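Notes for the structure review
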Amino acid sequence: MTVSDRPDSLDRPTPRRLPGDIHMWVMILGDLFVFGCYFVVYMIFRAVSPHDFSASQRHLQVGIGVTNTVILLTSSMFVALAVIAVRETATRRAERLVLAACVCGLMFTLIKIYEWRHGISTGFTLSDEFFSFYYVLTGIHLAHLLLGMLILGIVVRELRVTRKPRVGLVEQGALFWHMIDLLWVVIFALLYLMK
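Okay, so let's go over this structure. Because the structure is a prediction, the values reported are computed rather than measured. (Residues numbered from 1 in each chain as written. Predicted model: local features only at pLDDT ≥ 70, side-chain atom pairs only at ≥ 80, totals over all residues. Heavy atoms only, no water.)

1. Some remarks on the overall build of the protein
Within the protein, the secondary structure is distributed over 7 helices and 0 strands. N-terminal to C-terminal, the α/β element order of the protein is α-α-α-α-α-α-α. Since a compact globule built from 195 residues should have a radius of gyration of about 16 Å, the 21 Å found for the protein marks it as more spread out than a globular shape. C-alpha atoms of the protein, sized along the principal axes, occupy 75 × 35 × 25 Å. Across the 195 residues that make up the protein, the buried fraction comes to 42%. The long-range fraction of contacts in the protein, counting pairs at least 24 apart against all pairs at least 6 apart in sequence, stands at 81%. When the accessible area of the protein is evaluated, it comes to approximately 11,000 Å², of which 69% is carbon and sulfur surface. (Helix = DSSP H or I, 4+ residues; strand = E, 2+ residues; numbered from the N terminus. Rg over C-alpha atoms; globule rule 2.2 N^0.38 Å. Buried < 20%, exposed > 50% of the residue type's maximum accessible area, 1.4 Å probe, protein only. Contact = heavy atoms within 4.5 Å. Areas by Shrake-Rupley, 256 points an atom, 1.4 Å probe, with all protein chains shown as cover.)

Put into C-alpha cells, the structure is as follows:
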C-alpha cells in the first residue's frame, strides 16, 4: 500500500483537546483567582508584621505539612493514572485508583484535624494574626478537598455502574483534584516554609 492508497483517516493527526470541559475550567480558574487574591492579602499582612508572623509560624510542625504534601501529591498520581486507565477501558483499575486517591484525601483530612486541634489546644486561635490566616486558608482548602472527595465519589459511581464510563467525567474529577493539590503546595510553601 502506497501513501496515496491510505485512507484519509490515517493521514489526519488526532486533534488535541483540553481534558474535561469548559465549565470545569471556568470553575477552576475562578477558584485559583480567589485563592490568589487571598495569597496576596496574606503576603501584604505578613510584610507589615514579619516578626509576629515568623514567631507564630515557628509553632507549626513542618513534618506534618510535608506529610500532607506527600499524601496529596500521591493522590494526584492516583487520579492521573485513573484517567489513563479509563482511556484504556480498564475501568476496574481506574476505580481502584480513584478510591486510593479518596483514601489519601481522608488521611489528609484526619491529619489536618489533628493539627488544628493541637494548635487550638496550645492557645493558637484566631486572635493570633498568623493563625487566623492559617485556619482560614487551610479551612477553605479542606472544604475544597471534601468537595473533591464527593466529586471523586461520583466518578467511582460512574466507573461502577456504567458499562462505558464517560472519560470526560473522570477527567473533570481529576482536574478538580489536581487544583486542590496545586493549592495545597502553594499554601504549604506560604504558611510552613516562607520565612
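That covers the picture; the talk isn't over yet.
2. Examining helix 3 (residues 50–57)
Inspection of helix 3 places Phe53, Ser56 and Gln57 among the buried residues, and these make up the whole buried set. Considered in projection along helix 3, the buried side chains sweep an arc of 100 degrees and stay on one side of the axis. The inward-facing, buried residues of helix 3 contact helix 2 (22–48), helix 6 (129–161) and helix 7 (167–193). (Arc of directions from axis to C-beta.)

3. Quick notes on the packing of helix 2 against helix 3
Running from N to C, helix 2 and helix 3 cross one another at 105 degrees; their axes reach a closest spacing of 5 Å. By the angle between their directions, the pair helix 2 and helix 3 is classed as roughly perpendicular. Residues Tyr42, Phe45, Arg46, Ala47 and Val48 of helix 2 lie in contact with helix 3, whose contacting residues are Pro50, Phe53, Ser54 and Gln57. Class assignment for the residues of the contact of helix 2 with helix 3 results in 6 nonpolar, 2 polar and 1 charged. (Axes fitted to C-alpha atoms, helices over the stretch in contact; angles between N-to-C directions. Parallel < 35°, antiparallel > 145°, perpendicular 65-115°, else oblique. Nonpolar A, V, L, I, M, F, W, Y, C, P; charged D, E, K, R; others polar.)

4. Structural notes on the packing of helix 2 against helix 7
Running from N to C, helix 2 and helix 7 cross one another at 5 degrees; their axes reach a closest spacing of 10 Å. Judged by the inter-axis angle, helix 2 sits roughly parallel to helix 7. Contact residues: Met24, Trp25, Met27, Ile28, Asp31, Leu32, Phe35, Phe39, Tyr42 and Met43 in helix 2; Gln172, Leu175, Phe176, Met179, Leu182, Leu183, Val186, Ile187, Leu190 and Leu191 in helix 7. When grouped by side-chain class, the residues that make up the contact of helix 2 with helix 7 number 18 nonpolar, 1 polar and 1 charged.

5. Things to note about empty space enclosed by the protein
A complete count under the given rule lists 1 cavity of 30 Å³ or more for this structure. Considered as a void within the structure, the largest cavity measures approximately 70 Å³ in volume. Forming the boundary of the largest cavity are His59, Leu60, Gln61, Ile64, Glu115, His118, Gly119, Phe131, Tyr134 and Tyr135. At the level of elements, helix 5 (91–121) and helix 6 are the ones that each hand at least two residues to the lining of the largest cavity. Partitioned by chemical class, the residues of the lining of the largest cavity number 5 nonpolar, 4 polar and 1 charged. (1 Å grid on protein atoms, 1.4 Å probe; cavity = no way out; pocket = protein on both sides within 12 Å on 5 of 7 lines; lining within 4 Å. Points joined across faces, edges and corners; volume = space filled by probe spheres on them.)

6. With respect to the nonpolar core
Within the largest apolar cluster, 50 residues are counted, with the highest numbers of intra-cluster contacts made by Phe130, Tyr134 and Leu191. Broken down by secondary-structure element, the contributors of at least two residues to this core are helix 2, helix 4 (62–87), helix 5, helix 6 and helix 7. Ranked by the residues each element gives to this core, the list is headed by helix 7, at 14 residues. (Core = buried A, V, L, I, M, F, W, Y, C linked by side-chain atoms within 4.5 Å.)

7. Concerning a nonpolar patch on the surface
Together, Val40, Val41, Ile44, Phe45 and Val48 give the surface a local cluster of nonpolar side chains, amounting to about 450 Å² of exposed area. With respect to the helices, strands and loops of the structure, Ile44 is situated in helix 2. (Patch = residues over 30% accessible without salt bridge, like charges linked within 9 Å, V, L, I, M, F, W, Y side chains within 5 Å. Salt bridge = Lys/Arg side-chain N within 4 Å of Asp/Glu carboxyl O.)

8. Some words on the packing of aromatic side chains
Evaluation of the coordinates by the stated rule reveals 16 aromatic pairs. With centroids separated by 6.0 Å and ring planes inclined at 50 degrees, the aromatic side chains of Phe35 and Phe39 adopt a geometry described as tilted. With a gap of 4 residues between them, Phe35 and Phe39 both fall in helix 2, about one helical turn apart. Of the two residues examined, Phe35 and Phe39, each falls in the buried class. (Phe/Tyr/Trp six-rings, centres within 6.5 Å; stacked < 30°, edge-to-face > 60°.)

9. Considerations on the pattern of salt bridges
In this structure the tally under the stated criterion is 6 salt bridges. Salt-bridge contacts for Glu95 lead to Arg160; the nearest nitrogen and oxygen are separated by 2.5 Å. In this pair, Glu95 sits in helix 5 while Arg160 sits in helix 6, placing the two residues 65 residues apart along the sequence. In this structure Glu95 comes out as buried when scored by relative accessible area, which is 10%. Here the residues in one salt-bridge network are Arg92, Glu95 and Arg160, joined through shared partners.

Shape descriptors only; they carry no functional weight alone.
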